[in-house]
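# Structural overview
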Amino acid sequence: MINKEVAKMLVKQINLELHSGYLYMEFANFYEEKNLPGFAHWYVVQAGEEYEHAMKIRKFLLDANEKVTFSALADTDKGFKTPKDPLVAGLKHEQFITASIYAILEKAIAVKDHLTVEFLQWFVKEQGEEETNAQANIDKLEMVGTSGSALYLLDKEMGHRED
Ligand code: FEO
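Summarised in this report is the structure supplied together with it. (Residues numbered from 1 in each chain as written. Predicted model: local features only at pLDDT ≥ 70, side-chain atom pairs only at ≥ 80, totals over all residues. Heavy atoms only, no water.)

## Structural notes on the overall build of the protein
On a plain count of helices and strands, the protein comes out with five helices and zero strands. For the protein, the succession of helices and strands along the chain, N to C, is α-α-α-α-α. Overall, the protein is about 55 × 25 × 25 Å in size when its C-alpha atoms are taken along their principal axes. Taken across its 163 residues, the protein has 45% of its residues classed as buried. Here the protein has roughly 9,100 Å² of accessible surface; of this, 56% comes from carbon and sulfur atoms. (Helix = DSSP H or I, 4+ residues; strand = E, 2+ residues; numbered from the N terminus. Buried < 20%, exposed > 50% of the residue type's maximum accessible area, 1.4 Å probe, protein only. Areas by Shrake-Rupley, 256 points an atom, 1.4 Å probe, with all protein chains shown as cover.)

## With respect to the nonpolar core
Residues Tyr24, Phe27, Tyr31, Phe39, Tyr43, Leu87 and Leu141 are the most contacted members of the largest nonpolar core, which totals 22 residues. Here this core gets six residues from one element, more than from any other, and that element is helix 1 (residues 4-33). Grouped together as the second largest cluster of nonpolar side chains are 21 residues, Val6, Ala7, Ala64 and Ile97 included. (Core = buried A, V, L, I, M, F, W, Y, C linked by side-chain atoms within 4.5 Å.)

## Quick word on helix 2 (residues 37-63)
The terminal C-alpha atoms of helix 2, which comprises 27 residues, lie 39 Å apart, in line with the 39 Å expected from a rise of 1.5 Å per residue. Asn65 sits one or two residues past helix 2 and shows a positive phi near 60 degrees. (Expected span 1.5 Å × (residues − 1).)

## What about the packing of aromatic side chains?
This structure, assessed with the given rule, holds 12 aromatic pairs. Summarising the aromatic geometry, the rings of Trp42 and Tyr43 are spaced 4.9 Å apart at their centres and angled 65 degrees between planes, so their arrangement reads as edge-to-face. The buried category is assigned to Trp42, whose relative accessible area is 11%. Through successive ring pairs, a cluster of aromatic residues spans Tyr24, Phe27, Phe30, Tyr31, Phe39, Trp42, Tyr43 and Phe80. If you follow Lys56 out to its NZ or CZ, it ends over the ring of Trp122, 4.2 Å from the centre. A cation over an aromatic ring shows up here: Arg161 above the ring of Trp42, its NZ or CZ 4.2 Å from the ring centre. (Phe/Tyr/Trp six-rings, centres within 6.5 Å; stacked < 30°, edge-to-face > 60°. Lys NZ or Arg CZ within 6 Å of the ring centre and 35° of its normal.)

## Comments concerning the side chain of Asp113
Tracing the chain through its elements places Asp113 in the loop between helix 3 (84-110) and helix 4 (114-144). The side chain of Asp113 is buried and forms no salt bridge, while Lys4, the nearest opposite charge, is found at 9.7 Å. Leave out the neighbours within four places in its chain, and Asp113 touches Met1, Ile2, Asn3, Val6 and Ala108. (Lys, Arg positive; Asp, Glu negative; His and termini not counted. Salt bridge = Lys/Arg side-chain N within 4 Å of Asp/Glu carboxyl O. Contact = heavy atoms within 4.5 Å.)

## Looking at the pattern of salt bridges
In this structure the tally under the stated criterion is nine salt bridges. Residues Asp63 and Lys59 are paired through a salt bridge, measuring 2.7 Å at the closest nitrogen-oxygen approach. Of this pair, Asp63 and Lys59 are both found in helix 2, four residues apart, which corresponds to roughly one turn of the helix. For Lys84, the salt bridge goes to Glu142, with nearest N and O atoms at 2.6 Å. Placement of the pair is Lys84 in helix 3 and Glu142 in helix 4, with a sequence separation of 58 residues. Each of the salt bridges in this network shares a partner with another, and the network as a whole consists of Glu26, Asp75 and Lys78.

This is the structure we're talking about:
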């Protein structure tokens, strides 16, 4: 039903999506430590989205009768010092995930695996949104700076994220 090499790449992508969630929970831990619960909340919600991405790929593979197995998650970055550090790391990470999705898509196109090509269209759009959001978070923080009251209000706004 789907190309075997493409299926292998998708199994690896499940791991990357779960690792993304793990990384974003690390961001949330950092923001909790810094007394920025709104930023922490934003990344808890984002981690939930990453889990959904992983499950979406898992279901696609299972529906195509492909075997799914999980492997260990890579460790997370922990060297953050300022509130901006995780945001910059988050954008870089999403760019890496986009490149990974594109690599699978390009392979699927090359081997004429049209089902996977169609499936990945959702992820192409989603990655566009993820990069936009990651950049927007950096822009907002740069705009308010790290002065107490403005950062407090931005943190409140981040805390209103629902999905
Ligand atoms: Fe699942 Fe944030 O990419």
